[in-house]
Amino acid sequence: MTNYVKKDKVVAAFSGTALHAAAALGRGGACAAILADARFTEINAADQRHGKTALHWAAEKGHGDVCAAILADARFTAINAADKSGKTGLHWAAEKGHG
């Protein structure tokens, strides 16, 4: 996974997983590689700083392809998860005009 995202700098900024960072940056290829790796089990994880899932980040930043990849993964069950501000990924997408 470190071939796609430099964990020491990027992931620390999002206080989450490599998927959080790749989703926020719109790195579809990295997201696909992370999701395809059976060792990755934190698809539903919320970051520590904002309480956002990778879907929140992708939706907020307007990365529809990344949102679709996350939502297509059968392991993702946090579709209605609210972050620390009380917003879901759908709220963020609507608020930022993505859709």
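Structure shown above.
Residues numbered from 1 in each chain as written. Predicted model: local features only at pLDDT ≥ 70, side-chain atom pairs only at ≥ 80, totals over all residues. Heavy atoms only, no water.

Draft legend 1. The arrangement of the nonpolar core in detail. With 20 residues, the main nonpolar core has Leu19, Ala23 and Ile70 as its most contacted residues. Put simply, the parts of the chain that give this core at least two residues each are helix 2 (18–25), helix 3 (28–36), helix 4 (54–61) and helix 5 (64–72). Discounting chain neighbours no more than four positions away, the residues touching isoleucine 70 are Ala23, Leu35, Ile43, Ala54, Leu55 and Phe76. (Core = buried A, V, L, I, M, F, W, Y, C linked by side-chain atoms within 4.5 Å. Buried < 20%, exposed > 50% of the residue type's maximum accessible area, 1.4 Å probe, protein only. Helix = DSSP H or I, 4+ residues; strand = E, 2+ residues; numbered from the N terminus. Contact = heavy atoms within 4.5 Å.)

Draft legend 2. Here's a closer look at the pattern of salt bridges. Throughout the structure, instances matching the rule amount to 4 salt bridges. Note that glutamate 60 is salt-bridged to lysine 52, the shortest N-O span being 2.4 Å. With a relative accessible area of 11%, glutamate 60 lands in the buried category. Among the salt bridges present, the one from glutamate 95 reaches lysine 87, with a minimum N-O distance of 2.7 Å. Given a relative accessible area of 46%, glutamate 95 falls into the partly exposed group. (Salt bridge = Lys/Arg side-chain N within 4 Å of Asp/Glu carboxyl O.)

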